[in-house]
Amino acid sequence: MTEPDVTMVRIGEAVELGRRGEREAARKLFSEVWEEIGVTGDPLHRCALAHWMADVQDEVEEELLWDLRALEAADLVTDERARQAGVAGSVSGFYPSLHLNLGDAYRRLGDLDRARDHLERGRAAVGALGDDGYGQMIRQGLDRLADRLRTA
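Sequence order as written defines residue numbering, which begins from 1 separately in each chain. Residues qualify for local features only when their pLDDT is at least 70, as the model is predicted, and side-chain atom pairs are given and counted only at 80 or more; totals for whole chains, interfaces and linings, by contrast, use all residues. Working from all heavy atoms in the structure, the side-chain values ignore hydrogens and water.

### Some thoughts on the overall build of the chain
Here is step 1 of the chain: Only DSSP runs of H or I covering at least 4 residues are called helices, and only runs of E covering at least 2 are called strands; the numbering of each starts at the N terminus. Each helix and strand in the chain was counted, giving eight helices and zero strands.
Here is step 2 of the chain: For the chain, the succession of helices and strands along the chain, N to C, is α-α-α-α-α-α-α-α.
Here is step 3 of the chain: For the chain, whose C-alpha radius of gyration is 15 Å, the value lies close to the compact-globule estimate of 15 Å for 152 residues.
Here is step 4 of the chain: Taking the principal axes of its C-alpha atoms as reference, the chain extends roughly 50 × 30 × 30 Å.
Here is step 5 of the chain: Looking at the chain residue by residue over its 152 residues, the buried ones come to 45%. Computation of the radius of gyration draws on C-alpha atoms alone. For the globule rule, the value is 2.2 Å times the number of residues to the power 0.38. Think of it in three bands: residues with accessible area under 20% of the maximum for their type are buried, residues over 50% are exposed, and the middle band is partly exposed, with areas taken using a 1.4 Å probe on protein chains only.

And the structure:
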């Protein structure tokens with residue numbers, strides 16, 4: 001049995017704070033962990049933290065900054081590293097959600113060309129998702145983003 005990844009446990013604690021509506025506490029814990037891992041730390045840690053940190057931002061510009069950090073880090077995560085952390089699929093399964101989040105942030109900022117680009121990139125990557133609840137949620141999110149962009 002392997003030891004739990006302490007950094008991922010702390011990231012999970014911050015995620016739970018955010019889910020309970022304790023956004024400020026979540027941002028504080030995420031920031032502490034970010035300071036510890038730094039911009040050159042484990043890409044999986046950086047990707048997971050940035051992905052979830054984006055969700056607890058009050059300003060779309062800050063959300064976008066964290067979403068971009070998550071995407072940048074995802075490009076450096078190997079399937080082997082993801083497996084070590086207990087990720088069921090390959091790293092390619094990260095991209096539909098990352099692009100969905102980026103597309104939505106760009107849409108809310110009025111940058112519709114970039115929003116459409118990330119929508120298409122998310123749709124191109126959606127084949128990496130399973131036909132489970134998570135995969136269906138991301139597909140539906142991409143469909144909603146497409147609808148919003150059609151009416152924008």
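More follows now that the structure is in view.
### Overview of the pattern of salt bridges
Here is step 1 of the chain: Criterion for a salt bridge: a side-chain nitrogen of Lys or Arg within 4 Å of a carboxyl oxygen of Asp or Glu. On inspection of all chains with the given rule, the structure shows 18 salt bridges.
Here is step 2 of the chain: Between R114 and D111 there is a salt bridge whose closest N-O contact spans 3.5 Å.
Here is step 3 of the chain: Taking the relative accessible area as the measure of exposure, D111 reaches 24% and is therefore partly exposed.
Here is step 4 of the chain: Taking the shortest distance from any N to any O, the salt bridge between R123 and D143 comes out at 3.5 Å. One end of the pair, R123, is in helix α7 (residues 112–125); the other, D143, is in helix α8 (residues 133–150), with 20 residues separating them in the sequence.
Here is step 5 of the chain: Residue classification places D143 among the partly exposed positions, given a relative accessible area of 41%.

### Re the nonpolar core
One recurring pattern in soluble globular proteins is that nonpolar side chains are buried together.
Here is step 1 of the chain: By convention a nonpolar core is built from buried Ala, Val, Leu, Ile, Met, Phe, Trp, Tyr and Cys residues, the set being connected through side-chain atoms within 4.5 Å. With 45 residues, the main nonpolar core has I11, F30, L49, W66, F94, Y95 and L98 as its most contacted residues.
Here is step 2 of the chain: When residues of this core are traced back to their parent elements, those giving at least two are α1 (6–19), α2 (23–37), α3 (43–55), α4 (60–74), α6 (95–109), α7 and α8.
Here is step 3 of the chain: The residues touching I11, leaving out its near neighbours within four places in the chain, are F30, V33, H45, A48 and L49. In this analysis, two residues are considered to be in contact whenever any of their non-hydrogen atoms come within 4.5 Å of each other.

### Observations concerning α1
Here is step 1 of the chain: Take the number of residues in a helix, subtract one, and multiply by 1.5 Å to get its expected span. Its 14 residues place the ends of α1 20 Å apart at the C-alpha level, agreeing with the 20 Å of an ideal helix rising 1.5 Å per residue.
Here is step 2 of the chain: Those residues of α1 lying buried are T7, I11, A14, V15 and L17. Projected down its long axis, α1 shows its buried positions confined to an angular sector of 160°, all on one face. Facing away from the buried side of α1, by more than 90 degrees, are the exposed residues V6 and R19.
Here is step 3 of the chain: Think of a polar contact as two N or O atoms within 3.5 Å of one another; within protein, one of them needs to be a possible hydrogen donor and the other a possible acceptor, and neighboring residues in sequence only count if both atoms come from side chains. Two to three positions downstream of the cap, the backbone nitrogen of T7 sits 3.1 Å from a side-chain oxygen, assigning the N-cap of α1 to D5.
Here is step 4 of the chain: Positive phi shows up at G21, right after α1, with a value of about 90°. To be clear, the arc concerns the directions from the helix axis to the C-beta atoms.

### Let's talk about the layout of surface pockets
Here is step 1 of the chain: The method works on a 1 Å grid over the protein atoms by themselves. A cavity is a set of points holding a 1.4 Å probe that cannot get out, a pocket is an open set with protein on both sides within 12 Å along at least five of seven lines, and residues with an atom within 4 Å of a point line them. Grid points are joined across faces, edges and corners, and a volume is the space filled by probe spheres set on the points. Estimated volume of the largest pocket: approximately 1,000 Å³.
Here is step 2 of the chain: H51, W52, G93, S97 and Y134 are the residues nearest the centre of the largest pocket, which is lined by 38 residues in total.
Here is step 3 of the chain: Contributing elements (two or more residues each) for the lining of the largest pocket: α1, α3, α4, α6 and α8.
Here is step 4 of the chain: Class assignment of the residues belonging to the lining of the largest pocket gives a composition of 20 nonpolar, 10 polar and eight charged. When residue character is reported, Ala, Val, Leu, Ile, Met, Phe, Trp, Tyr, Cys and Pro are called nonpolar, Asp, Glu, Lys and Arg charged, and the others, Gly included, polar.

### Re the packing of aromatic side chains
Here is step 1 of the chain: When the centres of two rings from Phe, Tyr and Trp lie within 6.5 Å, Trp using its six-membered ring, the rings pair. Their planes under 30 degrees apart give stacked, over 60 give edge-to-face, and anything left gives tilted. One pass over the full model with this rule turns up one aromatic pair.
Here is step 2 of the chain: The ring of W66 carries R69 above its face, with NZ or CZ at 4.2 Å from the centroid. Counting as a charge over the ring demands two things of the Lys NZ or Arg CZ atom: a distance within 6 Å of the ring centre and an angle within 35 degrees of the ring normal.

### Here's the deal with α6
Here is step 1 of the chain: The end-to-end C-alpha distance of α6 is 21 Å, a good match for the 21 Å that 15 residues give at a rise of 1.5 Å each.
Here is step 2 of the chain: Of all the 15 residues making up α6, 12 are buried; the element is thus mostly covered by neighbouring parts of the structure.
Here is step 3 of the chain: The inward-facing, buried residues of α6 abut α3, α4, α7 and α8.
Here is step 4 of the chain: Immediately downstream of α6, the backbone of G110 shows phi near 85°, a positive value.

Bear in mind that shape data such as this cannot, by itself, settle questions of function.
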